[in-house]
Number of protein chains: 2
Amino acid sequence: MKWEGQERRTLSLGILGGGQLAQMLALDAIPLGVRVVALEPDPQAGARLCAEHLQAPYTDPQGLARLAECDAVTLEFENVPVEALEYLEGRVPVRPGAGLLAHSKHRAREKEALRAAGAGTADFAVIESESDLDGALARVGGQGILKTSELGYDGKGQRRVRSEAELRAAWDDLGRVPCVLEGLVPFVREVSLGVARTAQGELAFGPLVENVHRSGILRTSVYAGADQKAAAQARELARRVAEAWGLEGLMTLEFFELPNGELLVNEVAPRVHNSGHLTQDGGGISQFGAQVRAVLGLPLSDWKPLHAVAMVNWVGVEDETAQPDWDAIDALPGTHIHLYHKAWRSGRKLGHVNLTAPDAETLRARLEQLEALIP
Amino acid sequence: MKWEGQERRTLSLGILGGGQLAQMLALDAIPLGVRVVALEPDPQAGARLCAEHLQAPYTDPQGLARLAECDAVTLEFENVPVEALEYLEGRVPVRPGAGLLAHSKHRAREKEALRAAGAGTADFAVIESESDLDGALARVGGQGILKTSELGYDGKGQRRVRSEAELRAAWDDLGRVPCVLEGLVPFVREVSLGVARTAQGELAFGPLVENVHRSGILRTSVYAGADQKAAAQARELARRVAEAWGLEGLMTLEFFELPNGELLVNEVAPRVHNSGHLTQDGGGISQFGAQVRAVLGLPLSDWKPLHAVAMVNWVGVEDETAQPDWDAIDALPGTHIHLYHKAWRSGRKLGHVNLTAPDAETLRARLEQLEALIP
């Protein structure tokens with residue numbers, strides 16, 4: 001190396017996946033002097049615009065070999081093929097690693113591992129055979145949500161059940177695959193928090209964000225800077241889980257807040273998260289910059305917005321003609337449009353709009369206007 | 001077009017030049033759904049990482065033809081070859097256009113056009129022939145700075161002169177090319193402000209930024225949010241010049257502030273400006289996002305940080321081993337590293353670090369720490 005200053009500029013980060021998370025990771029990596037290499041079969045993947053796009057299956061030998069040449073590898077989805085992980089492990093640091101992914105990709109193991117780490121969860125019953133159904137509903141409080149243990153996201157692979165009969169029907173409906181029956185949690189709101197941990201054990205946290213879902217998909221996230229007590233509790237739970245699971249890199253915890261203020265962990269994403277997109281325009285480090293630093297072992301501090309900021313998702317709706325009013329959004333003060341350069345599909349996340357404001361009150365007022373502009 | 005929402009995503013913006021300004025423009029254009037096409041002969045140009053890089057001379061016929069296919073074309077430097085402009089004009093909107101560039105690329109014409117627009121400048125004398133030297137120094141106050149009328153930047157092509165003899169020697173030294181002799185301005189500080197104007201005449205402004213230079217090159221820029229009076233004056237001067245010159249797109253004015261508070265225009269850059277880089281991390285629109293919107297005619301509002309923010313340039317110094325302490329910079333709260341992926345050269349701008357803080361006092365304290373980490 002001719003000189004120190006170039007070391008940073010020759011760092012490279014591999015990522016399994018090339019969708020919007022990889023795209024936004026690359027957009028934040030370039031200014032840090034880091035080149036991103038994305039393994040992604042979709043030729044139209046958003047990451048192609050700002051990363052080296054390896055258009056091949058996640059298990060492609062040449063593609064994996066190229067990722068192994070990077071300084072570190074991370075991922076944008078949890079269900080990474082085992083073969084891919086097995087190839088990469090030992091050749092290049094994969095962060096988070098296989099151990100943590102084994103927890104987070106499987107709902108039942110995740111809940112057990114969360115409780116073992118000292119974090120509360122909803123009551124649950126593991127449903128893997130006919131006999132597991134007996135009395136399961138009673139054990140979780142008489143009604144609940146049956147979720148497939150693997151491959152579920154954005155509300156997919158879930159059924160609400162209020163009776164033994166509904167439970168059996170739902171399990172048949174889900175193909176009798178391994179499931180978790182979760183008791184209903186009488187939560188007052190849903191919040192989330194990101195946590196990063198370097199290989200040296202250095203911890204850093206994102207902001208506590210309040211989330212509102214619509215038909216199972218995140219609609220809005222808000223950071224208003226208050227919530228000191230809830231944020232402290234969320235950070236403590238995140239610390240426990242990060243240390244118990246040996247996190248290297250970044251993960252995001254989703255919580256239910258109970259009426260008494262207690263936080264239960266709903267689920268864990270071993271990566272940046274939709275609810276953290278608002279950090280892109282908060283004036284602090286973004287969750288993507290935090291992920292780059294944590295995965296590459298660069299010094300890291302908490303990534304928190306310096307002012308009130310919110311996010312509204314743009315999800316494809318059935319009526320293709322119902323589109324966001326882009327010009328009105330551009331004209332609204334404080335808006336930051338983020339498009340993913342993906343083909344339209346109903347129910348697909350196509351972009352988001354971040355909204356900044358000098359104070360929480362202004363934010364709430366503008367957020368109402370912004371929501372009206374995005375179907 | 002299948003649906004409205006895709007219109008935005010298929011917008012493309014051409015740019016003459018592919019250096020760090022084009023790179024940062026592209027990084028802000030992608031989230032807006034805009035693809036950037038950069039015509040730039042340098043194979044290692046930073047824009048290659050996030051834009052379609054046409055590696056060819058600025059006058060390359062195929063390259064210019066590709067730019068002409070874009071929705072609009074802008075530039076990252078003022079001295080655009082006349083042939084390039086002549087080819088593009090009429091085929092695609094070039095913003096700013098040839099008329100404005102004719103002013104800003106030539107110091108003498110620029111000063112005359114600024115005064116015609118009702119903006120004050122330093123006293124000056126045009127030096128284009130031997131005889132112009134006679135009495136020129138006296139007319140600008142006895143001492144001044146001789147600057148080449150064209151192609152000067154970052155303090156290059158300038159000579160300080162204190163006597164008739166020094167003036168004649170300086171003009172010889174500069175090759176007896178057309179020059180402007182500027183009188184010394186007893187300024188208390190240097191500030192700058194960006195202004196954007198759409199083809200429809202809609203105006204928007206950036207923040208008033210305070211700048212400190214080191215050996216002719218910008219070292220630090222600071223936005224602390226105060227300066228309401230100076231900012232109002234700068235906006236009014238920028239409005240006059242933008243309207244008188246028929247600005248389409250974005251330009252930046254550099255000012256000298258006199259002891260009595262009056263602002264004189266030092267020079268005008270027909271583009272985003274180094275002093276505006278701090279808007280990247282201010283929580284508002286960045287100057288690059290503003291340029292994308294203004295050049296493409298998208299709705300635009302003022303681009304102002306929501307909190308105190310500063311910038312420190314990293315310029316290659318003689319001693320190659322004297323490098324910024326990247327780890328210490330990453331560890332300092334509020335830092336945002338922006339590297340240009342350029343080859344090292346002494347005196348060359350290689351990157352900058354933006355610094356955010358909740359208030360002006362914290363910013364000043366951190367800025368002192370940050371400056372100590374960047375040689």
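Residues numbered from 1 in each chain as written. Chains lettered and ligands numbered in written order. Predicted model: local features only at pLDDT ≥ 70, side-chain atom pairs only at ≥ 80, totals over all residues. Heavy atoms only, no water.

Under an unreviewed UniProt entry, chain A has the name N5-carboxyaminoimidazole ribonucleotide synthase and belongs to Deinococcus piscis. The UniProt entry for chain A carries the following text under Pathway (unreviewed entry): "Purine metabolism; IMP biosynthesis via de novo pathway; 5-amino-1-(5-phospho-D-ribosyl)imidazole-4-carboxylate from 5-amino-1-(5-phospho-D-ribosyl)imidazole (N5-CAIR route): step 1/2." UniProt, in the comment section headed Catalytic activity (unreviewed entry), describes chain A in these words: "5-amino-1-(5-phospho-beta-D-ribosyl)imidazole + hydrogencarbonate + ATP = 5-carboxyamino-1-(5-phospho-D-ribosyl)imidazole + ADP + phosphate + 2 H(+)". (UniProt positions renumbered as here; feature names shortened; annotations may be inferred.)

Student: Lay out the relation of the copies chain A and chain B with the relevant residues and their values.
Tutor: When chain A is fitted to chain B, the residual RMSD is 0.0 Å, and the transformation amounts to a turn of 180° plus an axial shift of 0.0 Å. As the rotation angle and translation indicate, the two copies are arranged about a two-fold axis. When you check the interface residues of chain A against chain B, 98% turn up at the interface there too, and the contact is symmetric in its surfaces. (Least-squares fit on C-alpha atoms with pLDDT ≥ 70 in both. Contact = heavy atoms within 4.5 Å.)

Student: Describe in detail the sheet that holds strand 2 (residues 34-39) of chain B, supporting the description with residues and values.
Tutor: All names here are of chain B. Taken in spatial order, the 4 strands of this open sheet run 3-2-1-4, and their pairing is parallel. What marks the edges here is a single partner per strand, and that holds for strand 3 (52-54) and strand 4 (72-75). Ignoring which end each strand starts from, the neighbouring axes of this sheet average 25° apart. Set on the sheet, helix 3 (residues 61-68) makes contact with strand 1 (11-16), strand 2, strand 3 and strand 4; between it and strand 2 the angle comes to about 160°. (Pairing = 2+ DSSP bridges. Helix = DSSP H or I, 4+ residues; strand = E, 2+ residues; numbered from the N terminus. Axes fitted to C-alpha atoms, helices over the stretch in contact; angles between N-to-C directions.)

Student: If you had to explain the interface of chain A and chain B to someone new, which residues and values would you point to?
Tutor: Contacts between the two partners involve 46 residues from chain A and, on the opposite side, 45 residues from chain B. When the two sides are added together, the surface that chain A and chain B hide from each other amounts to roughly 4100 Å², 58% of it contributed by carbon and sulfur. Remark: the boundary between chain A and chain B carries 2 salt bridges. With a shortest N-O distance of 3.4 Å, R293 of chain B and D330 of chain A are connected by a salt bridge. Elements represented by at least two residues in the side of chain A that touches chain B include exactly helix 1 (4-9), helix 2 (20-29), strand 2 (34-39), helix 11 (326-331), strand 16 (335-339) and strand 17 (349-357) of chain A. (Buried area = accessible area lost by both parts, 1.4 Å probe. Salt bridge = Lys/Arg side-chain N within 4 Å of Asp/Glu carboxyl O.)

Student: Outline the confidence of the model for chain A, listing residues and values.
Tutor: All names here are of chain A. Scored by pLDDT, chain A comes out at a mean of 92, with 97% of its residues at no less than 70. Confidence, read as mean pLDDT per element, is least for helix 1 in chain A (48) and greatest for helix 3 (residues 61-68) (98). Across residues 1-7, confidence stays below pLDDT 50; counting only partners more than four residues off in sequence or on other chains, it has 12 contacts. The complex model carries a pTM of 0.93, and its ipTM stands at 0.91. (pLDDT = per-residue confidence, 0-100.)

Student: An account of the pattern of salt bridges is needed here, citing residue identities and associated values.
Tutor: Between side chains of opposite charge, pairing is possible as soon as their charged atoms come close. All names here are of chain A. This structure, assessed with the given rule, holds 46 salt bridges over all chains. The closest approach of N and O atoms between E78 and R271, which form a salt bridge, is 2.9 Å. On the criterion of sequence distance, the pair formed by E78 in the loop between strand 4 (72-75) and helix 4 (82-88) and R271 in the loop between strand 14 (263-269) and helix 10 (287-296) is long-range, its members being 193 residues apart. Given the relative accessible area of 16%, E78 is considered buried. Exposure remark for R271: the relative accessible area of 14% places this residue in the buried category. Residues joined in a network through salt bridges with shared partners are E130, D134, E164, R168, D172 and R176. (Buried < 20%, exposed > 50% of the residue type's maximum accessible area, 1.4 Å probe, protein only.)

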